[in-house]
Amino acid sequence: MNNAVHIPERIRRLTALADNLWWSWNPPARNLFKVVSYPLWKSTRHNPVRMLQLVRPERLEALSHDVDFLTQYDRVVAAFDAELDDGHLWFSEQHPDLAHPVAYFSAEFGLHGSLPIYSGGLGVLSGDHCKEVSDLGLPFVGVGFIYPQGYFRQRIPADGWQEAVYDTLNFDQVPIHPVFDAHGNRLILQVTLRGTPVHVQVWQLRIGRVNAYLMDANVSQNPPWDRDLTARLYGGDQETRIRQEMFLGLGGVRVLRALGIQPSAWHKNEGHSDFLVLDRLRELVQGGHTFDQATEMVRDTTAFTTHTPVPAGHDAFPFHLMDEYFGRYWQEMGISRERFLGLGEYQGRFNMTVLALRVAGRTNGVSQLHGEVSRRMWQPVWPDRPAEEVPIAAITNGAHVPSWISTTLKDLFAEYLGQDWKQRHDDPALWEQ
């Protein structure tokens, strides 16, 4: 954080609190930042990183001697440290022998309004997953993009027509940090697109106990047209989309490999990252497995969540684009072009959702009704089965309770259900009382 030198030593941990989105679902931490400067809290759209850059040094100096503030500060820091400590959360108590993380791929993460790298429900689900697994202590790592232009804000001018306003994200003003390699250099990886290496920088975002690694193509090694690949969420024509999705899937695999992370499972939140299974298949075949063996290994460790209940919401690419961008892959996977394209072939195109359905051991919709709709919608992928036997389960979207319950209700629950209601909120017995 740029102004860390101006923060007195007694309250220096404010920077650590601001740099971890844990504060976003913990009211005492948010209240602490409001005390620092409520006008700045409002004007920065609740962004403590930016707020601490703007607050006057003399204000921080005064707070470092304010007994009431220091009491509040010490309590929040102690809760933060206890939450991030190992060994006391649900997962570590129930499954102490499991340490390899779930790798969770998503094109968007809806974590907080000050970090506009999401558009809607899919991103909010990703954000809630990250927060909930942090609370549970589940080993988990997120993989996605950091978009310099984020997703647009809607503005309605005097003529009544919607305007899309894209704000450029200043990376120095949000809680992300570059990832460095073993030599102390910024981690820059390559993804080959149509025979040309395209470079990607990796950034780290802390969400409680969870690390999310976000990729960015806006680096000096790339020509201008490649730097824009990760500029905006959900933009561009089909060629832009296939390039973005190669970046997310293939680049994400390379990020985890470069960091030495060996996932126990790979979870794809919608089909945007489905190309990762092609890279994993290629790796396994190159390592000596047959294609059929590799397919079973990938299937056993892959989960897929499908969201959109209409065909138009599922990316499908013409075969000539697949030839252009994946022309070398079927040789490296030890199969023919026809078998390669058959992994995603559906209605004469390469369909990303069909690829996911065919090479995932677990698939789920996001509600009971959506599960029924999805089974009917994708029944042609299993022509020998009736719709009710299509292997698409349903897990109704959950909400991360601490993020979505108002402060007033939280106080009410604490009064009547006990101060530890948040830790017990998924226990039916709590609510039966």
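Keep in mind the model is a prediction, meaning the values are calculated, not measured. (Residues numbered from 1 in each chain as written. Predicted model: local features only at pLDDT ≥ 70, side-chain atom pairs only at ≥ 80, totals over all residues. Heavy atoms only, no water.)

With that settled, consider the pattern of salt bridges. Tallying each qualifying case throughout the model produces 20 salt bridges. Residues Lys268 and Asp274 are paired through a salt bridge, measuring 3.1 Å at the closest nitrogen-oxygen approach. As far as the burial class goes, Lys268 and Asp274 line up, both buried. A single network of salt bridges, built from pairs that share partners, joins Arg254, Asp279, Arg282, Arg328 and Glu332. (Salt bridge = Lys/Arg side-chain N within 4 Å of Asp/Glu carboxyl O. Buried < 20%, exposed > 50% of the residue type's maximum accessible area, 1.4 Å probe, protein only.)

The next subject is the layout of surface pockets. One number sums up the size of the largest pocket: a volume of about 1000 Å³. The wall of the largest pocket is formed by 31 residues, among which Asn26, Glu83, Gln419, Lys422 and Gln423 lie closest to the centre. Where the lining of the largest pocket is concerned, the elements lending two or more residues are helix 2 (27-36), helix 6 (67-84), helix 7 (90-94), helix 8 (121-136) and helix 19 (407-417). The dominant element in the lining of the largest pocket, judged by the number of residues it contributes, is helix 6, at five residues. Of the voids in this model, the second largest pocket is the one considered here, and its volume is about 670 Å³. Contributing elements (two or more residues each) for the lining of the second largest pocket: strand 1 (102-106), helix 8, strand 9 (265-269), strand 10 (302-305) and strand 14 (362-365). For the lining of the second largest pocket, the leading source of residues is helix 8, giving six residues. (1 Å grid on protein atoms, 1.4 Å probe; cavity = no way out; pocket = protein on both sides within 12 Å on 5 of 7 lines; lining within 4 Å. Points joined across faces, edges and corners; volume = space filled by probe spheres on them. Helix = DSSP H or I, 4+ residues; strand = E, 2+ residues; numbered from the N terminus.)

The next point concerns the side chain of Asn47. Note that Asn47 resides in the loop between helix 3 (38-43) and helix 4 (48-54). Given a relative accessible area of 7%, Asn47 falls into the buried group. Within the structure, Asn47 has its side chain in polar contact with the backbone nitrogen of Val49 (distance 3.1 Å). For Asn47, the residues in contact, after removing those within four places along its chain, are Ser114, Gln173 and Val174. (Polar contact = N/O pair within 3.5 Å; in protein donor to acceptor, adjacent residues only side chain to side chain. Contact = heavy atoms within 4.5 Å.)

There is a patch of nonpolar side chains on the surface, built from Leu409, Leu412 and Tyr416 and spanning about 310 Å² of accessible area. By secondary structure assignment, the location of Leu412 is in helix 19. (Patch = residues over 30% accessible without salt bridge, like charges linked within 9 Å, V, L, I, M, F, W, Y side chains within 5 Å. Areas by Shrake-Rupley, 256 points an atom, 1.4 Å probe, with all protein chains shown as cover.)

This structure, assessed with the given rule, holds 21 aromatic pairs. With a centroid separation of 5.2 Å and 35 degrees between ring planes, the pair formed by Tyr104 and Phe140 is classed as tilted. Of this pair, Tyr104 sits in strand 1 while Phe140 sits in strand 2 (residues 140-145), and the two are 36 residues apart along the sequence. For the pair shown, Tyr104 and Phe140 are each scored as buried. Here the aromatic residues Phe275, Phe317, Phe326, Tyr329, Trp330, Phe340 and Phe350 are joined through ring pairs into a cluster of three or more. (Phe/Tyr/Trp six-rings, centres within 6.5 Å; stacked < 30°, edge-to-face > 60°.)

As a general point, the strands of a sheet are linked pairwise by backbone hydrogen bonds and lie either parallel or antiparallel. Pairing in this open sheet of three strands is antiparallel, and the strands run 11-13-12 from one edge to the other. The sheet is open, and its two edges are formed by strand 11 (316-317) and strand 12 (345-346), each paired on a single side. With two bridges connecting them, strand 11 and strand 13 (residues 349-351) associate as antiparallel partners. Looking at strand 13, one finds that Phe317 is bridged to Phe350. (Pairing = 2+ DSSP bridges.)

Here we take up the nonpolar core. Within the largest apolar cluster, 103 residues are counted, with the highest numbers of intra-cluster contacts made by Leu52, Phe275, Leu278, Phe326 and Phe340. When residues of this core are assigned to their parent elements, the largest contribution, eight residues, is made by helix 10 (residues 238-258). (Core = buried A, V, L, I, M, F, W, Y, C linked by side-chain atoms within 4.5 Å.)

A few words now on empty space enclosed by the protein. For the structure on display, the rule yields one cavity of 30 Å³ or more. Taken as a whole, the largest cavity spans an internal volume of roughly 80 Å³. Lining the largest cavity are Ala107, Phe145, Tyr147, Arg232, Leu233, Tyr234, Arg241, Gln244, Glu245, Leu248 and His272. With four residues, the single largest contributor to the lining of the largest cavity is helix 10. A per-class count over the lining of the largest cavity returns six nonpolar, two polar and three charged. (Nonpolar A, V, L, I, M, F, W, Y, C, P; charged D, E, K, R; others polar.)

With that settled, consider the packing of helix 10 against helix 11 (residues 275-286). Two numbers describe how helix 10 lies on helix 11: the axes approach to 8 Å, and their chain directions differ by 45 degrees. The angle between helix 10 and helix 11 falls in the class oblique. Viewed along their axes, helix 10 and helix 11 form a crossing whose handedness is right-handed. Along the contact surface, helix 10 presents Ile242, Glu245, Met246, Gly249, Leu250, Val253, Arg254 and Arg257, while helix 11 presents Phe275, Leu276, Asp279, Arg280, Arg282 and Glu283. (Axes fitted to C-alpha atoms, helices over the stretch in contact; angles between N-to-C directions. Parallel < 35°, antiparallel > 145°, perpendicular 65-115°, else oblique. Left-handed = near helix turned anticlockwise from the far one by under 90°.)

The quantities given are spatial measurements derived from coordinates; they are silent on function.
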